[in-house]
Amino acid sequence: MEYPRTKLNRSISSSSNTSSINLKSHHNISQQQPNRTFSLMTINHTEKSSNADGNTKIYKKKLTKTFSNDDDDWSANVGKYTIENEDKFIYTPIEEKPNLEEIDNIEDKYQKLLEKFNYILNTNKIIKIEELRDLSWHGTPLPYKSITWKLLLGYLPSNTKRHEQILKQKRKTYKNTISQQIKKNEIIQNTENNKQTWHQIKIDIKRTHPDIKLYQYQSVKESLQRVLYAWSIRHSSTGYVQGINDICTTFYQVFLLDYYLKKDDKKDLNSWDGVENTDPVEYMSEDDFVNLEADTFWCFDRFLESIMDNYVHGQPGILKQVKKLEDTCKRVDPELYQHLKRENVEFFQFAFRWMNCLLMREFPMRVVLRMFDTYIAESSSLLNTQTELDDDTKKKKNSLVMMDSTNDDLSEDFSSLTTSQSTTAQKLNDFHVYVCYAFLEKWATTLQSMDFTGIIMFLQSCPTTSWDERDIEMLLSEAYLWQSLCQYS
Amino acid sequence: MSDTGDNQYNYDYDLLYKLVLIGDSGVGKSNLLSRYSNNDFQINSKSTIGVEFATKAVKVDGKIIKAQIWDTAGQERYRAITKAYYRGAVGALIVYDITNTKTYENCSDWLNILSTNLENNDIVIGLIGNKKDLQHQRSVPIEEAQEFARNNQLLFTETSALSNENVEKAFTELITTIYENSKHQTGMETVTKNNSSSIGAGNTVSLTKSNKEKKSSSSGQCC
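Since we're looking at a predicted model, the values are computed, not measured.

To continue, consider the overall build of chain B. Scanning chain B from N- to C-terminus turns up seven helices and eight strands. The buried share among the 223 residues of chain B stands at 55%. Summed over all atoms, the accessible surface of chain B reaches about 9300 Å², with 46% contributed by carbon and sulfur.

Here it is as structure tokens:
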């Protein structure tokens, strides 16, 4: 490959100038915008600032032109590049590398956590997914949620150099699909089946999170409707299943947070309040919406792929889980089990929804968003095995993920990925059963004083409205314990 | 009479009827039920996943009847699952939306599904045209629905869960008809205890405190 070296050097330095805000925030957690994802959007940033600064535009054009054949997407990376010997460029982050020892000495727990994430995400070009997974199981701080989920789901590869390129591809693919399917909030291919799907999604979107203002904005409703419709068209054999709209919103809201935080540095990084009460139209362009939808679509798709058994015809995954929940209860708490049986309560009557919506209907949204840190970590074990391999093999194995990432056809089936993911599928569904069991066990004493009506009424609206992250963390820990106990006893 | 907060043991009823609410997605089944059982209406209540449940006690002919009502998810996908709940039902309300012709046309499908999934044909069925408050958007003429109901021997009421019109009437009518039928017929499965074990023998079986005390031995352990 022939690079005009001198030009390169100049271009890179101008790059760090124009995007300095993003670059700093990328590497310095104490800045007001510590979100790694922002740097992934460097291109957007440069494009936007091009109005005010003509040079930026020139730079970007040059860069694209010069390296269009290069495997590495330079514009995706931020930081200084220096040329060493032949073709090798060394990447060093602008800020000092975080020091592990120093991190250990930080007293403030939240600060410490932020630094740990910063360390994993920003120290190496190749992110150690295994470490990220272990850490995020215990909760991911808001500024790192989006990037962490994308990485753990394999939407973004562990090689940060490829992030921008992949985002570009995936977003373009999504955009094309949507333009073929939907025009002015109406579907183009008006078959009976499509009409029915579109209608079903529409009426469900209207009643998704009726308690959260964000989901009442027309912009968000239309946006989510597009994502769900695109998904249903892609999975025509499964189709849209009521309840997946709930699941989709977790990704949407977490990725939306990036845009919200990007807009104004002074926003509170620890709160969902702003996101949940502001119409995204106020801070997002049309392109932003498409990008947000695309990211949501792909991550939602990857996540569902791992629990697809729950949604295919007859929902065998759910039946299996309900059975397992019942078996666990019978074994671990025979007293409660006997009581439920005596009252003629079938597990199916209350647990179907728990499985179908991953307990999302049982908790406030913020609790769900914390729970999903753990769930996504649980569902990402495919990637873990990859990171354990040495670099060379990893490259080859990564092609599995790349294959998906470079796939430009929405309707294409990822058969090879699906087979690898079947193990992860069991993993998440398996863990979920224990979370459900821990949840049921929470109310054991109460339930034992109730009759059939009491039990069913109670379990379909458990008193969790005041639950916060600590409650769900406790529940997840209990689930982990039950799982360990049951598996090894 | 209301039985909200009926979470503890209570045997203060004479009869227990299992009823099911079926019909297309979005026609207002859940709101009909919450209006009836709780006098509550939410303009955007969440979609029903699987089934949901509520109870209400009413007095008919000096007897207290406890209606145990199962509200089912309307999406076609869930039919395989929800039909398991029809078992033991003595009454059903098929609900459509008067502003949506498709939901009305599907009522004959629902009727078929109901009859193919019940061992007992003596179930009392009511047809409900909901969203009566949206007169200006009406697309199903009341006469047509009446005709359909008559031909299929269904009770018929147009309701509005939003404005609370005829909701109580629709349920009461259903319950009263079940009660009247059970008085005059023999061998009808009128009373069920809870959801699954049904008491099929005889006319009306009275579940008073004393004789209900422990009927519970039935399905203690399995496998």
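That covers the picture; the talk isn't over yet.
As a further point, take the overall build of chain A. What chain A contains, in helices and strands, is 25 helices and four strands. Across chain A, the fraction of contacts at a sequence separation of at least 24, relative to all contacts at a separation of at least 6, is 73%. When the accessible surface of chain A is split by element, carbon and sulfur atoms take 49% of a total near 20700 Å².

Grouped together as the largest cluster of nonpolar side chains are 155 residues, with contacts concentrated most on F251, F303 and F372 of chain A. A domain-level breakdown of this core finds at least three residues from each of domain 1 (144-306) and domain 2 (308-385 + 422-488) of chain A. For F251 of chain A, the residues in contact, after removing those within four places along its chain, are W149, L153, T296, C299, F300, F303, F372 and I376 of chain A. L19, A67, F171 and I178 of chain B belong to the second-largest nonpolar core, a separate cluster that totals 27 residues.

A word on the sheet that holds strand β1 (residues 15-23) of chain B. Reading across the sheet, the six strands line up as β2-β3-β1-β4-β5-β6 (chain B) and stay open at both edges, with mixed pairing between neighbours. Looking at strand neighbours, the two that pair on one side only are β2 (51-60) and β6 (155-158) of chain B, the edges of this open sheet. Neighbour-to-neighbour, the strand axes of the sheet open up by a mean angle of 25 degrees, direction not taken into account. For strand β5 (residues 124-130) of chain B and β6 of chain B, the ladder comprises four bridges, and the chain directions are parallel. Counted as the bridge partner of L127 of chain B is F156 of chain B from β6 of chain B. Against the sheet, helix α24 (residues 452-460) of chain A touches β2 and β3 (63-72) of chain B, its axis set at about 135 degrees to β2 of chain B. Most of the contacts of helix α5 (residues 142-151) of chain B go to β6 of chain B, to which it runs at about 160 degrees, and overall it touches β4 (91-97), β5 and β6 of chain B.

Contact with chain B, which involves 45 residues of that partner, is made by 46 residues of chain A. Between chain B and chain A, roughly 3900 Å² of surface is buried when both sides are summed, and carbon and sulfur atoms account for 45% of that area. Taken as a group, K46, I49 and R77 of chain B account for 17% of the area that chain B buries against chain A, more than any other trio of residues on that side. Joining chain B to chain A, the criterion identifies one salt bridge.

This part takes up empty space enclosed by the protein. In the structure shown here, the tally under the stated rule is twelve cavities of 30 Å³ or more. The wall of the largest cavity is formed by 13 residues, among which Q349, F350, R353 and Q460 of chain A together with V51 of chain B lie closest to the centre. For the lining of the largest cavity, the secondary-structure elements that each account for two or more residues are α18 (347-356) and α24 of chain A together with β2 of chain B. In terms of residue count, α18 of chain A provides more of the lining of the largest cavity than any other element does, six residues in total. Looking at the lining of the largest cavity residue by residue, the classes come out as eight nonpolar, three polar and two charged.

This part covers the pairing of β3 of chain B. Residues and elements named next belong to chain B. Most of β3 sits out of view: eight of its ten residues are buried. Here seven bridges tie β1 to β3, and the two strands are oriented parallel to one another. Looking at the pairing, K18 lines up with Q68 of β3. The pairing of β2 with β3 spans ten bridges and is antiparallel. Note on β3: the bridge partner recorded for T55 is Q68. Between β2 and β3, which pair antiparallel and follow one another directly, the connecting turn spans two residues, one of which, D61, has a positive phi of 55 degrees.

Quick look at unusual backbone geometry now. With a phi close to 50 degrees, K184 of chain A is a non-glycine residue in the positive phi region. If you trace the backbone, K184 of chain A turns up in the loop between β3 (182-183) and β4 (186-187). At N39 of chain B, a residue that is not glycine, the phi angle is positive and equals roughly 50 degrees. Residue placement: N39 of chain B occurs in the loop between α1 (29-38) and β2. When its relative accessible area of 52% is taken as the criterion, N39 of chain B is described as exposed.

Looking now at the pattern of salt bridges. Between side chains of opposite charge, pairing is possible as soon as their charged atoms come close. All names here are of chain A. Inspection of every chain in the model, using the stated rule, returns 26 salt bridges over all chains. We note a salt bridge from R353 to E362, for which the minimum N-O separation is 3.0 Å. By relative accessible area, which is 10% here, R353 ends up buried. Accessibility expressed as a relative area gives 4% for E362, which makes it buried. E473 serves as the salt-bridge partner of R370, at 2.7 Å between the closest nitrogen and oxygen. With a gap of 103 residues between them, R370 in helix α19 (residues 365-378) and E473 in helix α25 (residues 469-488) connect regions that are remote in the sequence.

Here we come to the domain arrangement of chain A. All names here are of chain A. Per the domain assignment, the segments making up chain A are domain 1 (144-306) and domain 2 (308-385 + 422-488). Summarising the inter-unit geometry, the C-alpha centres of domain 1 and domain 2 are found 26 Å apart. Across the boundary between the two partners, domain 1 contributes 30 residues, which contact 25 residues of domain 2. When the two sides are added together, the surface that domain 1 and domain 2 hide from each other amounts to roughly 2300 Å², 67% of it contributed by carbon and sulfur. When the area that domain 1 buries against domain 2 is broken down by residue, the three leading residues are L152, F303 and S306, summing to 25%.

All names here are of chain B. Positionally, Q42 belongs in the loop between α1 and β2. The class for Q42 is partly exposed, based on a relative accessible area of 45%. Separated by 63 residues in the primary sequence, Q42 and E105 place their C-alpha atoms 26 Å from one another.

All names here are of chain A. Summarising the element assignment, H339 is placed in helix α17 (residues 334-342). With relative accessibility at 3%, the residue H339 sits in the buried group. Within the structure, H339 has its side chain in polar contact with the backbone oxygen of M450 (distance 2.8 Å).

Glancing now at the packing of helix α16 (residues 316-332) of chain A against α18 of chain A. All names here are of chain A. Where α16 contacts α18, the axes come no closer than 9 Å and their chain directions differ by 120 degrees. Comparing the axis directions of α16 and α18 gives the class oblique. Judged by the twist between their axes, the crossing of α16 over α18 is right-handed. The residues of α18 that touch α16, namely those facing I318, L319, Q321, V322, L325, E326 and C329, are F347, F348, F350, A351, F352, W354, M355 and N356. Residue composition of the contact of α16 with α18, by class: twelve nonpolar, two polar and one charged.

How each quantity is defined
Residues numbered from 1 in each chain as written. Chains lettered and ligands numbered in written order. Predicted model: local features only at pLDDT ≥ 70, side-chain atom pairs only at ≥ 80, totals over all residues. Heavy atoms only, no water. Helix = DSSP H or I, 4+ residues; strand = E, 2+ residues; numbered from the N terminus. Buried < 20%, exposed > 50% of the residue type's maximum accessible area, 1.4 Å probe, protein only. Areas by Shrake-Rupley, 256 points an atom, 1.4 Å probe, with all protein chains shown as cover. Contact = heavy atoms within 4.5 Å. Core = buried A, V, L, I, M, F, W, Y, C linked by side-chain atoms within 4.5 Å. Domains from an automatic or database assignment. Pairing = 2+ DSSP bridges. Axes fitted to C-alpha atoms, helices over the stretch in contact; angles between N-to-C directions. Buried area = accessible area lost by both parts, 1.4 Å probe. Salt bridge = Lys/Arg side-chain N within 4 Å of Asp/Glu carboxyl O. 1 Å grid on protein atoms, 1.4 Å probe; cavity = no way out; pocket = protein on both sides within 12 Å on 5 of 7 lines; lining within 4 Å. Points joined across faces, edges and corners; volume = space filled by probe spheres on them. Nonpolar A, V, L, I, M, F, W, Y, C, P; charged D, E, K, R; others polar. Polar contact = N/O pair within 3.5 Å; in protein donor to acceptor, adjacent residues only side chain to side chain. Parallel < 35°, antiparallel > 145°, perpendicular 65-115°, else oblique. Left-handed = near helix turned anticlockwise from the far one by under 90°.

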